[in-house]
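# Breakdown of the fold
Single-letter residue listing:
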Amino acid sequence: SGASGPVQHLVVFGLGKLGGRELNLSSDIDLICAYPEAGKTAITGKTNQQFFVAVVQLLLKVLGETTGDGFGFRIDLRLRPYGDSGPIVQSFSAMERYFETSGRDWERYAFIKARACAGDIEQGAAMLERLRPFVYRRYLDFAAIDAMREMRALIRRDHSSHNNNVKLGAGGIRDIEFLAQMLQMIWGGRVPSLRTNSLASALAALVEEQLLGASDQAQLWRAYVLF
């Protein structure tokens, strides 16, 4: 249970293509695991942190372990607060403190796609709403714009090594997604319709808000569907 008494349930957030319900063939799944409140378990006296660490370790084993039948998914937890050096699961309050004090612009970009996809969906959705001001800021500063340029430069650097790659090559899936999400980051703090984890919905909203031409949107979507 939590400090306030209610029974606690794990919340699994899907980011990236899982969050947007846009998984490609053989995509990794990007997960962040959390629970609403700190506290202790009623029977064993373990802390909620200890209990949920064991639960997430079991989840990783069930989903990702290779057996004679193969494996379920390649799971990536590196988008969690503090990355590989951070705990594999943490409380909502710990997550909020991290994003308030240490959150970076690329994490804002990642959380555009965030969705509570398993466990206590209602609590997870409420948590994402509390993080909304971090993801979608009303005004952008020069540091945020520079961060976008750096992300774009990293993507372009990969183009030369991924010729004819429909995901990573120039004009491929990643480029299309990046364009939409950058415009969402820039305008989402002032335009509520852009706060979506769906690429299709984001492109449609950009046209509706006259932030993207209808012919450009149609061309981007045709290429995305083809790829």
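Source: prediction; values computed, not measured.

## Structural notes on the overall build of the protein
Scanning the protein for helices and strands turns up 10 helices and 5 strands. Principal-axis analysis of the C-alpha atoms gives the protein an extent of 60 × 50 × 25 Å. For the protein, the residues scored as buried account for 42% of the 227 residues in total. The long-range fraction of contacts in the protein, counting pairs at least 24 apart against all pairs at least 6 apart in sequence, stands at 62%. With the model as given, the accessible surface of the protein reaches about 12400 Å², and the carbon-plus-sulfur share is 55%. The distance from the centre of the 26 positive side-chain charges to the centre of the 24 negative ones in the protein is 1 Å.

## Comments concerning helix α2 (residues 48–64)
Here α2 spans 24 Å end to end across 17 residues, near enough to the 24 Å set by a 1.5 Å rise per residue. Among the residues making up α2, those that are buried are Asn48, Phe52 and Val56. When α2 is viewed along its axis, its buried side chains cluster within an angular range of 60° and face the same direction. Looking at the packing, one finds that the buried side of α2 touches β2 (29–35) and β4 (89–91).

## Considerations on a nonpolar patch on the surface
A cluster of nonpolar residues, Val166, Leu226 and Phe227, forms a patch on the protein surface that exposes about 300 Å² of accessible area. Here Val166 shows up in the loop between α7 (142–159) and α8 (173–187).

## Section: the pattern of salt bridges
This structure, assessed with the given rule, holds 12 salt bridges. A salt bridge links Asp105 to Arg137; its shortest N-O distance comes to 4.0 Å. A residue pair is termed long-range when its members are at least 10 positions apart, and Asp105 in helix α4 (residues 105–111) and Arg137 in the loop between α6 (132–135) and α7 qualify at 32 residues. Owing to a relative accessible area of 16%, Asp105 belongs among the buried residues under this scheme.

## Quick look at the packing of aromatic side chains
On inspection of all chains with the given rule, the structure shows 9 aromatic pairs. Ring geometry for Phe99 against Phe111: centres 5.0 Å apart, planes inclined by 75°, an arrangement best described as edge-to-face. You can see Phe99 sitting in helix α3 (residues 92–101) and its partner Phe111 sitting in helix α4, a full 12 residues away along the chain. The exposure class assigned to Phe99 is buried, which follows from its relative accessible area of 5%.

## Some details on the confidence of the model for the protein
Residues with a pLDDT of 70 or more make up 97% of the protein, whose mean pLDDT is 91. Mean pLDDT across the elements of the protein bottoms out in α7 (78) and peaks in helix α9 (residues 199–208) (98).

## Considering the side chain of Gln90
For Gln90, the position within the fold is in strand β4. Its relative accessible area of 6% is what places Gln90 among the buried residues.

## Some remarks on unusual backbone geometry
At Arg21, a position not held by glycine, the phi torsion is positive, near 55°. Mapped onto the fold, Arg21 is located in the loop between α1 (16–19) and β2. Using a relative accessible area of 64% as the deciding quantity, one classes Arg21 as exposed. One non-glycine residue, Tyr82, lies in the positive phi region at around 70°.

## Re the packing of α8 against α9
Across the interface, α8 lies against α9 with an axial gap of 10 Å and an inter-helix angle of 55°. The pairing of α8 with α9 is recorded here as oblique in orientation. Where α8 crosses over α9, the two elements pack in a sense that is left-handed. Taken together, the residues of α9 that come into contact with α8 (itself represented by Ile176, Glu177, Ala180, Leu183 and Gln184) are Leu199, Ala202, Leu203 and Leu206. Here the contact of α8 with α9 is composed, by residue class, of 7 nonpolar, 1 polar and 1 charged.

## Notes on the nonpolar core
Judged by nonpolar contacts, the single largest core of 27 residues is most densely connected at Phe13, Leu15, Met95, Phe99, Phe111 and Met182. Listed by contribution, the elements that provide at least two residues to this core are β1 (11–15), β2, α3, α4, α5 (121–130), α6, α7 and α8. Tallying contributions element by element places α3 first for this core, with 4 residues. Residues contacting Phe99, with those up to four places away along its chain left out, are Pro81, Glu107, Phe111, Leu131 and Phe134. Counting 13 residues, the second largest nonpolar core, distinct from the first, contains Leu183, Leu194, Leu212 and Leu220.

The rules behind these values
Residues numbered from 1 in each chain as written. Predicted model: local features only at pLDDT ≥ 70, side-chain atom pairs only at ≥ 80, totals over all residues. Heavy atoms only, no water. Helix = DSSP H or I, 4+ residues; strand = E, 2+ residues; numbered from the N terminus. Buried < 20%, exposed > 50% of the residue type's maximum accessible area, 1.4 Å probe, protein only. Contact = heavy atoms within 4.5 Å. Areas by Shrake-Rupley, 256 points an atom, 1.4 Å probe, with all protein chains shown as cover. Lys, Arg positive; Asp, Glu negative; His and termini not counted. Charge placed at Lys NZ, Arg CZ, Asp CG, Glu CD. Expected span 1.5 Å × (residues − 1). Arc of directions from axis to C-beta. Patch = residues over 30% accessible without salt bridge, like charges linked within 9 Å, V, L, I, M, F, W, Y side chains within 5 Å. Salt bridge = Lys/Arg side-chain N within 4 Å of Asp/Glu carboxyl O. Phe/Tyr/Trp six-rings, centres within 6.5 Å; stacked < 30°, edge-to-face > 60°. pLDDT = per-residue confidence, 0-100. Axes fitted to C-alpha atoms, helices over the stretch in contact; angles between N-to-C directions. Parallel < 35°, antiparallel > 145°, perpendicular 65-115°, else oblique. Left-handed = near helix turned anticlockwise from the far one by under 90°. Nonpolar A, V, L, I, M, F, W, Y, C, P; charged D, E, K, R; others polar. Core = buried A, V, L, I, M, F, W, Y, C linked by side-chain atoms within 4.5 Å.

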